[in-house]
Amino acid sequence: MSQSTELFSRAQRVIPGGVNSPVRAFRAVGGTPRFIARASGAYLYDEDKVKYIDYVGSWGPMILGHAHPDVVFAIQDAAARGTSYGAPTALEVTFAEAITALYPSIEMVRAVSSGTEATMSAIRAARGYTGRDVIIKFEGCYHGHADFLLVKAGSGAATFGVPDSAGVPAKAAENTLTLPFNDKSALLRAFEARGTAIAAVIVEPVVGNMGCVAPHDGFLEAIVEVCKRNGAVSIFDEVMTGCRVAKSGMQGRVGIKPDMTCLGKIIGGGMPLAAYGGRRSIMETVAPLGPVYQAGTLSGNPIAVSAALATIKHLDDSLYEKLERLGAQIEAGLNAAIADAKIEACVQRVGSMFTLFMTRGPVNNWEDAKRSDTALFGRFHQGMLARGHYFPPAQFEAAFISGAHTEDDIANTVIAAREVLHSLRAAI
Ligand SMILES: Cc1ncc(COP(=O)(O)O)c(C=O)c1O
C-alpha cells in the first residue's frame, strides 16, 4: 500500500474527509490525494518519493516557486526573534507601505490571516460606511466561506440568495444578490431596482474559482462606475489575482481603481496572511478609528509579514515577462494537443493562471463553465498525475505557473497532456 493511501485512511478517521480543506480530497477527480512530504521550486515530492511538476502552487501563493531561499531565510530569521507579539511591529508598517505602493487604490490597509477574513471584513466596512445591507456578488465567484458569501445564484434573472452550505441561516444570505459574471445589463438593472439599498459589489476581477474566466472589456469599469453613481462600494477580490496577473493585480493590468481591494495568497508568501484596504474614507470606519469592529490575535504576524516582504521584493518585470512567456507556451501546447486529439475542450488563460475546460469555449460565466464534462476532466487529471504533473484536482479551479518553472517543465507537461488527451479520445 502506498504511503499516501495509508495516510489517507488514517486521516479519514480523525479529519473530516481526511483533509483540512475539501478540494484536497480529490473527490472531484477520483483517486487518492497525494500526501506531500516536501516541495522545492516547481516540484512537489509526495510521501512515496514521487516527484510532480506542480501547477497548483498551494492554490496560488507560490509565485516564486516552493521554498525560495530568500523566503525561507526571512521566515527562519523572523522566527528566531519570536513567533508572535500581539503588539505593533516595524515590519507591519513596511508591509502596509509596500501594499499601498503596489496598489494606488489602497490608501490604508489592514492585515488579516486569510482571504476569507479579508472579504468578510471588507464587506463589513462597506456596509458600515454606506449604512446599507445588500451586497452583489457574481455567480461562480468564490470569496471565502463567510456565511453571506456562500451563496449561489438562481438562474436567469437576479434572485436573492439561497445559502449554498448547510449551517448558513437563510437570513444570513438574504441580503446577497447574485448576478451572472460578465453581464453588465443585469448589473445595471439590479442597481435600477435596488440602487439605494446596495452597499457593495464584490467581484473576482479575473475569476479563478469557476476555472479561469476573464472579464469582458468594460465589465470591471462598469462595476466601479455604477457603484460610484449609486454611492455603493466596489470591491475587487484580488486574493487570487493580486500580484498574479500583474504586480498590481488586475486593477493594475487594466488601469482602474476600485474603492476597496482584498489581497491574500501571494502577498503572504505562503504564510497565513491576507489584507483588505482601499479609500481612506472607507478604511477610517474600521476600529479603532471608527465603529466597524474587526480584530485578530495573529493579524500582521511577524513571520508571515517577513515572508511577504521577501516575496514582494522579487516581484519585478522580468518575473512577469517570464510568467507570460511560459503561460503562452502552455496555452499553445495544450490547445494544439486538444485539436490533435479532437477533444471538446478549451484553454483559458490570463498571464500565469489558466484552466483546461472540458467544453468547447469560450467560457464567459458559470452557465458556460457548468457545461464542462467533469468526469472527463477527472480522467485527464488522473492521467496527468500518473505521469508526474500535478494539476488542480477539480475542473472549476485555476492552475498556476511559477517563476521556478522552466520551458522544459512546460514542454514535458504538454507532451504528457498530448498522450493523456489521445488516450481519452480513444476511450470515448
Ligand atoms: C478570490 C478568492 N477570494 C477569497 C478566497 C478565500 O481565501 P482563504 O482560502 O485564504 O480564506 C479565495 C480562496 O481561494 C479566493 O480564491
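Residues numbered from 1 in each chain as written. Predicted model: local features only at pLDDT ≥ 70, side-chain atom pairs only at ≥ 80, totals over all residues. Heavy atoms only, no water.

### A word on the overall build of the chain
Along the chain, the regular secondary structure elements total 14 helices and 17 strands. In summary, the chain has a C-alpha radius of gyration of 21 Å against a globular reference of 22 Å for 428 residues, a match within 12%. Considering only contacts within the chain whose residues lie at least 6 apart along the sequence, 71% involve residues at least 24 apart. For the chain, the exposed area adds up to about 17,800 Å²; of that, 53% sits on carbon and sulfur atoms. (Helix = DSSP H or I, 4+ residues; strand = E, 2+ residues; numbered from the N terminus. Rg over C-alpha atoms; globule rule 2.2 N^0.38 Å. Contact = heavy atoms within 4.5 Å. Areas by Shrake-Rupley, 256 points an atom, 1.4 Å probe, with all protein chains shown as cover.)

### Points about the pattern of salt bridges
The tally for this structure, following the rule as stated, stands at twelve salt bridges. With its nearest N and O atoms 3.2 Å apart, the salt bridge here joins Glu-367 to Lys-370. Overall, the relative accessible area of 43% leaves Lys-370 in the partly exposed class. Linking Glu-419 and Arg-387 is a salt bridge whose minimum nitrogen-to-oxygen distance equals 2.7 Å. With Glu-419 in helix H14 (residues 407-427) and Arg-387 in the loop between helix H13 (374-386) and strand S16 (389-390), this pair connects stretches of sequence that are 32 residues apart. Residue class for Arg-387 comes out partly exposed when judged on its relative accessible area of 37%. (Salt bridge = Lys/Arg side-chain N within 4 Å of Asp/Glu carboxyl O. Buried < 20%, exposed > 50% of the residue type's maximum accessible area, 1.4 Å probe, protein only.)

### Quick look at the packing of helix H6 (residues 184-194) against helix H7 (residues 219-230)
Packing of H6 against H7 leaves a shortest axis separation of 10 Å and a crossing angle of 10 degrees. As judged from the angle between their axes, H6 and H7 are roughly parallel. Contact residues: H6 offers Lys-184, Leu-187, Leu-188 and Phe-191, while H7 offers Phe-219, Ala-222, Ile-223, Val-226, Cys-227, Arg-229 and Asn-230. Its residues placed into classes, the contact of H6 with H7 shows eight nonpolar, one polar and two charged. (Axes fitted to C-alpha atoms, helices over the stretch in contact; angles between N-to-C directions. Parallel < 35°, antiparallel > 145°, perpendicular 65-115°, else oblique. Nonpolar A, V, L, I, M, F, W, Y, C, P; charged D, E, K, R; others polar.)

### A closer look at the site of the ligand
Around the ligand sit Ser-114, Gly-115, Thr-116, Tyr-142, His-143, Gly-144, Glu-204, Asn-209, Asp-237, Val-239, Met-240 and Lys-265, and that is every residue in its neighbourhood. Between the ligand and Thr-116 there is a distance of 2.6 Å, counted from an oxygen atom to a side-chain nitrogen or oxygen. In the model, an oxygen atom of the ligand is placed 2.9 Å from a nitrogen or oxygen of the Lys-265 side chain. Relative to its unbound accessible area of 390 Å², the ligand is 81% covered by the protein chains. Taken together, the residues of the shell around the ligand sort by class into three nonpolar, six polar and three charged. (Near = heavy atom within 4 Å. Polar contact = N/O pair within 3.5 Å; in protein donor to acceptor, adjacent residues only side chain to side chain.)

### Considering the environment of Asp-164
The topology assignment puts Asp-164 in the loop between strand S8 (162-163) and helix H5 (170-173). Residue class for Asp-164 comes out partly exposed when judged on its relative accessible area of 41%. Counting along the chain gives 48 residues from Asp-164 to Cys-212, while the straight-line C-alpha distance between them is 21 Å.

### What to know about the sheet that holds strand S15 (residues 353-357)
Strand order in this open sheet of three strands is S14-S15-S17, and the pairing throughout is antiparallel. The sheet is open, and its two borders are formed by strand S14 (346-350) and strand S17 (399-400), each paired with just one other strand. Here S15 pairs with S17 via two bridges, running antiparallel. Of the residues in S17, the one forming a bridge with Phe-354 is Ala-399. (Pairing = 2+ DSSP bridges.)

### As for the packing of helix H2 (residues 69-79) against helix H10 (residues 302-312)
Two numbers describe how H2 lies on H10: the axes approach to 8 Å, and their chain directions differ by 155 degrees. Our classification of the angle between H2 and H10 gives roughly antiparallel. Crossing angle aside, the handedness with which H2 passes H10 is right-handed. On H10, the residues touching Asp-70, Val-71, Ala-74, Ile-75, Ala-78 and Ala-79 of H2 are Pro-302, Ile-303, Ser-306, Ala-307, Ala-310 and Thr-311. In terms of residue class, the contact of H2 with H10 is made up of nine nonpolar, two polar and one charged. (Left-handed = near helix turned anticlockwise from the far one by under 90°.)

### Structural notes on the domain arrangement of the chain
Here the domain parsing of the chain yields domain 1 (3-67 + 316-427) and domain 2 (69-312). Taking only C-alpha atoms into account, the centre of domain 1 sits 26 Å from that of domain 2. The interface is formed by 31 residues belonging to domain 1 together with 31 residues belonging to domain 2. Contact between domain 1 and domain 2 buries roughly 2,400 Å² in total, counting both sides, with carbon and sulfur atoms accounting for 62%. Taken together, the connections running from domain 1 to domain 2 amount to zero salt bridges. Counting residues per element, the ones that place at least two in the side of domain 1 that touches domain 2 are helix H11 (317-341), S14, S15 and helix H12 (366-369). In terms of residue count, the dominant contributor to the side of domain 1 that touches domain 2 is S15 (four residues). Tallied by class, residues from the side of domain 1 that touches domain 2 come to 18 nonpolar, eight polar and five charged. (Domains from an automatic or database assignment. Buried area = accessible area lost by both parts, 1.4 Å probe.)

### Looking at the pairing of strand S2 (residues 43-46)
Bridging between strand S1 (residues 36-40) and S2 involves four bridges; their strand directions are antiparallel. Across the sheet, the residue bridging to Ser-40 is Tyr-43, located in S2. Across three bridges, the pairing between S2 and strand S3 (residues 51-54) is antiparallel. The residue of S3 that forms the bridge with Tyr-43 is Ile-53. Hairpin geometry of S2 and S3 is characterised by an intervening segment of four residues between the two adjacent antiparallel strands and by a positive phi of about 70 degrees at Lys-49.

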